[in-house]
Amino acid sequence: MQANGAGGGQQQQQPPPQGPELGCLGAQNGEASAGTAAGEQLAHANGLLPSANSGGPGGGSPGGLGVNNGVPAAGGPGPAAAELGGGGGGSALKKKKRLSQSDEDVIRLIGQHLHGLGLNQTVDLLMQESGCRLEHPSATKFRNHVMEGEWDKAENDLNELKALVHSPHAIVRMKFLLLQQKYLEYLEDGKVLEALQVLRCELTPLKYNTERIHVLSGYLMCSHAEDLRAKAEWEGKGTASRSKLLDKLQTYLPPSVMLPPRRLQNLLRQAVELQRDRCLYHNTKLDSNLDSVSLLIDHVCSRKQFPCYTQQILTEHCNEVWFCKFSNDGTKLATGSKDTTVIIWQVDPDTHQLKLLKTLEGHAYGVSYIAWSPDDNYLVACGPDDCSELWLWNVQTGELRTKMSQSHEDSLTSVAWNPDGKRFVTGGQRGQFYQCDLDGNLLDSWEGVRVQCLWCLSDGKTVLASDTHQRIRGYNFEDLTDRNIVQEDHPIMSFTISKNGRLALLNVATQGVHLWDLQDRVLVRKYQGVTQGFYTIHSCFGGHNEDFIASGSEDHKVYIWHKRSELPIAELTGHTRTVNCVSWNPQIPAMMASASDDGTVRIWGPAPFVDNQDIEEECSSMDS
């Protein structure tokens, strides 16, 4: 006997078998080799071919090739072979325990996948041994007729399938899809009269989807096949379009009759995506192609791939750094400081190192807020509460385009660009905010609102403003309406909006970081760990697909959360005073910047490459 496919038995002479000789089929890679005698049969157990003895009941010719656990072995003595594949044949099947429903489902899924790979003999062997059926015989016949374009036969098959379909309307819809394909193929072949006959006498009497029938009738005017395929958005007569048709038809049939297309691949893809969704550190683009991952291990991302290691410390500012913001294209970083300057940094696309590009001077009160225009050509800088001026810079030339001030008693501490890039809104806590053009000309104003922070929504009409009443309201400059969207119990120090406009991230005094759903107007989550008093701290969305949230803190740390988890997944240390602002590079998911009262800007990235797996990490992490 052989164990686990190792070792080989000695060939022994045995008396010839009684009756017709049963040969042995050896299977490798799903292909069967012919036996040496007529009337040979497949001997199989558990999906593998057993080792064949050189004689005895059910044995084949001497030295016949067998497979044990997938490894070929020389023929040898072994009564198990006779029990599994010879003699009475099928005695083992009778003794087998009945398969559970889930086992049958798995076998059918494997069978469908192997069939798609063209391993049809392997599928036949699997179904024969398991006693399962890949699909209903009527479904197999239907499939073949559809793929061969035998539309009349396929239509007759529908009558057989009618009893197996749950919905009474499904057969009508399936028939409509069949006739539509038949009609289009006639048109492509230039058989206009036959196509017209299908349209008038077969499709129209169904009294289903008359709007689509009108569209189909318009294809009669197509002058050539290419025109038809383009207008109908159709692949043309052949395997591709018929396979697509079959995929649609299968949605109307129960899975017990015909499996949904590529079901095993879809289940595996869903499992991979679910694991990625649950991975707290996954920060790269999701690739739906199964070839890009290993199905043999669970998905896991190391925190060493995550931006929680200091890559660079920028020390060119000579006072507290109040704000930092990456450009929309991710190629530049702007930092604003109490030292009255804005510094623009260039991001090296290869090394991800930053170098000083321009210094913009003359902001007498310091710079506490910066906003890039949608095309990154302009930058607006605002000062702290007692600042009544605003600066609009041309980033390319470094020249000041506009210095704006409505009144010396005004306060312009926040700004937001309209999506068209031609207007912006600005305001402060003195009781109003304005809409202006690039030359600083006043277009509109809204009185009686003490603004803490502003944001323009993608509709180009609505401005969100947090005010001193601990709320965020939406203001529409076109119809002059306003409405309450968010109400907190404590002052909202700052807020930012996700790219899709659905979520708002708030830094709330004494409470920390809150996530709101603007559409449903509900508080989604309160993030824990951050120390937030009455300083203005700016948090951000970031990472791939904006799956992460980061915020500065008065305890000198940067906190990072996964969007769905209240507990931080990383606490970044290194700053020595309050961290006022964080900004995640919108194009480089593994790059983040933080600005602090310690006068520095830190650039965070993945761990440098090291061989030692037990590297001392800079960030202390807590998995939720």
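Residues numbered from 1 in each chain as written. Predicted model: local features only at pLDDT ≥ 70, side-chain atom pairs only at ≥ 80, totals over all residues. Heavy atoms only, no water.

Participant: Teacher, can you tell me more about the UniProt feature "repeat: WD" (unreviewed entry) in the protein chain here?
Facilitator: Feature annotation in UniProt assigns "repeat: WD" (unreviewed entry) to the following positions: residues 314–348, 360–391 and 572–604. Regarding residues 314–348, the helix share stands at 0% and the strand share at 54%, and the terminal C-alpha atoms are separated by 15 Å. (UniProt positions renumbered as here; feature names shortened; annotations may be inferred. Helix = DSSP H or I, 4+ residues; strand = E, 2+ residues; numbered from the N terminus.)

Participant: Explain the layout of surface pockets here, please?
Facilitator: Left-over empty space is what a probe sized like a water molecule reveals as it rolls over the atoms. Of the volumes computed, that of the largest pocket is approximately 1,100 Å³. What lines the largest pocket is a set of 46 residues, among which K325, N328, W455, T496 and I497 lie closest to the centre. When contributions to the lining of the largest pocket are tallied by element, the ones reaching two or more residues are β6 (321–326), β10 (369–372), β14 (414–417), β18 (451–456), β22 (492–497), β26 (540–542) and β30 (579–584). The class makeup of the residues in the lining of the largest pocket is 25 nonpolar, 18 polar and 3 charged. (1 Å grid on protein atoms, 1.4 Å probe; cavity = no way out; pocket = protein on both sides within 12 Å on 5 of 7 lines; lining within 4 Å. Points joined across faces, edges and corners; volume = space filled by probe spheres on them. Nonpolar A, V, L, I, M, F, W, Y, C, P; charged D, E, K, R; others polar.)

Participant: Explain the side chain of E488 here, please?
Facilitator: Secondary-structure assignment places E488 in the loop between β21 (481–487) and β22. Despite its burial, E488 pairs with no opposite charge; the closest candidate is K526, at 6.4 Å N-O. Here the side chain of E488 touches W516 through a polar contact of 2.8 Å, side chain to side chain. (Buried < 20%, exposed > 50% of the residue type's maximum accessible area, 1.4 Å probe, protein only. Lys, Arg positive; Asp, Glu negative; His and termini not counted. Salt bridge = Lys/Arg side-chain N within 4 Å of Asp/Glu carboxyl O. Polar contact = N/O pair within 3.5 Å; in protein donor to acceptor, adjacent residues only side chain to side chain.)

Participant: Quick question: what am I supposed to make of the sheet that holds β6 here?
Facilitator: The strands making up a sheet associate through backbone hydrogen bonding, with each pair oriented either parallel or antiparallel. What the 4 strands build is an open sheet, ordered β6-β7-β8-β9; its pairing is antiparallel. Looking at which strands have only one partner, the edges of the open sheet turn out to be β6 and β9 (354–360). Recorded for the sheet is a direction-independent mean angle of 25° between the axes of neighbouring strands. Sheet topology places strand β8 (residues 342–347) next to β9; 6 bridges connect them, and they run antiparallel. Looking at the pairing, Q346 lines up with K355 of β9. (Pairing = 2+ DSSP bridges. Axes fitted to C-alpha atoms, helices over the stretch in contact; angles between N-to-C directions.)

Participant: Honestly, helix α3 (residues 101–116) in this entry has me stumped. Any pointers?
Facilitator: Each α-helix turn comprises 3.6 residues. Residues three or four places apart therefore point the same way. Over its 16 residues, α3 runs 23 Å from end to end, which matches the ideal 22 Å to within 8%, given 1.5 Å per residue. Inspection of α3 places I107, R108, L109, G111, Q112 and L114 among the buried residues, and these make up the whole buried set. Just downstream of α3 lies G118, where phi reads positive at about 85°. (Expected span 1.5 Å × (residues − 1).)

Participant: Teacher, can you tell me more about the packing of aromatic side chains here?
Facilitator: Evaluation of the coordinates by the stated rule reveals 13 aromatic pairs. With a centroid separation of 4.8 Å and an interplanar angle of 65°, the aromatic rings of F306 and F548 are classed as edge-to-face. Taken as a pair, F306 in the loop between α12 (263–278) and β5 (309–314) and F548 in strand β27 (residues 548–551) lie far apart in primary sequence, 242 residues in all. By the burial criterion, F306 is buried, and F548 matches it. Note on F433 and F477: the rings are 5.8 Å apart at their centroids and 80° apart in plane angle, and the pair reads as edge-to-face. One end of the pair, F433, is in strand β16 (residues 432–437); the other, F477, is in the loop between β20 (471–476) and β21, and 44 residues separate them in sequence. (Phe/Tyr/Trp six-rings, centres within 6.5 Å; stacked < 30°, edge-to-face > 60°.)

Participant: I keep staring at the state of the cysteines and nothing clicks. Help me out?
Facilitator: Where two cysteines share a covalent bond between their sulfur atoms, that bond is called a disulfide. Going through the model one piece at a time under the given rule, you end up with 0 disulfides. In this model C387 remains outside any disulfide bridge; the closest cysteine sulfur is found in C382, 7.5 Å from its own. (Disulfide = S-S within 2.5 Å.)

Participant: Help me understand the pairing of strand β19 (residues 462–467) in this model?
Facilitator: Consecutive residues of a regular strand have side chains that alternate between opposite faces of the sheet. Within β19, 6 of the 6 residues are buried, which leaves it mostly tucked inside the rest of the structure. Taking every second residue as pointing to the same face, both faces of β19 are buried, with T462, L464 and S466 on one and V463, A465 and D467 on the other. Relative to β19, β18 runs antiparallel, the two sharing 5 bridges. Directly across from C453, in β19, lies its bridge partner S466. The hairpin turn running from β18 into β19, its antiparallel successor, is 5 residues long, and G460 in that turn takes a positive phi close to 75°. As paired strands, β19 and β20 are joined by 5 bridges and run antiparallel to one another. For T462, the partnering residue across the bridge sits in β20 and is N476. Connecting β19 to the antiparallel partner β20 that follows it, the hairpin turn spans 3 residues, and Q470 within it adopts a positive phi of roughly 60°.

Participant: Even after reading the chapter, I still don't get the side chain of T341, so can you show me in this structure?
Facilitator: If you trace the backbone, T341 turns up in the loop between β7 (332–337) and β8. A polar contact is formed between the side chain of T341 and the side chain of H317, at a distance of 3.4 Å.

Participant: How should the sheet that holds strand β25 (residues 522–527) be read in this particular structure?
Facilitator: Ordered in space as β22-β23-β24-β25, the 4 strands form an open sheet in which the pairing is antiparallel. For this open sheet the edge positions go to β22 and β25, each flanked by a neighbour on one side alone. Recorded for the sheet is a direction-independent mean angle of 25° between the axes of neighbouring strands. As paired strands, β22 and strand β23 (residues 503–508) are joined by 5 bridges and run antiparallel to one another. Opposite T496, over in β23, you have L505 as the bridge partner.

Participant: What exactly am I supposed to notice about the pattern of salt bridges here?
Facilitator: Side chains carrying opposite charge are able to pair once their charged atoms draw close together. Per the stated rule, a full pass over the model turns up 22 salt bridges. Between R262 and D247 there is a salt bridge, and its shortest N-O distance comes to 2.8 Å. Here R262, found in the loop between α11 (239–250) and α12, pairs with D247, found in helix α11; they are 15 residues apart in sequence, far enough to count as distant. Owing to a relative accessible area of 46%, R262 belongs among the partly exposed residues under this scheme. Bridged by salt links that share partners, the residues D152, K182 and E202 form one connected network.

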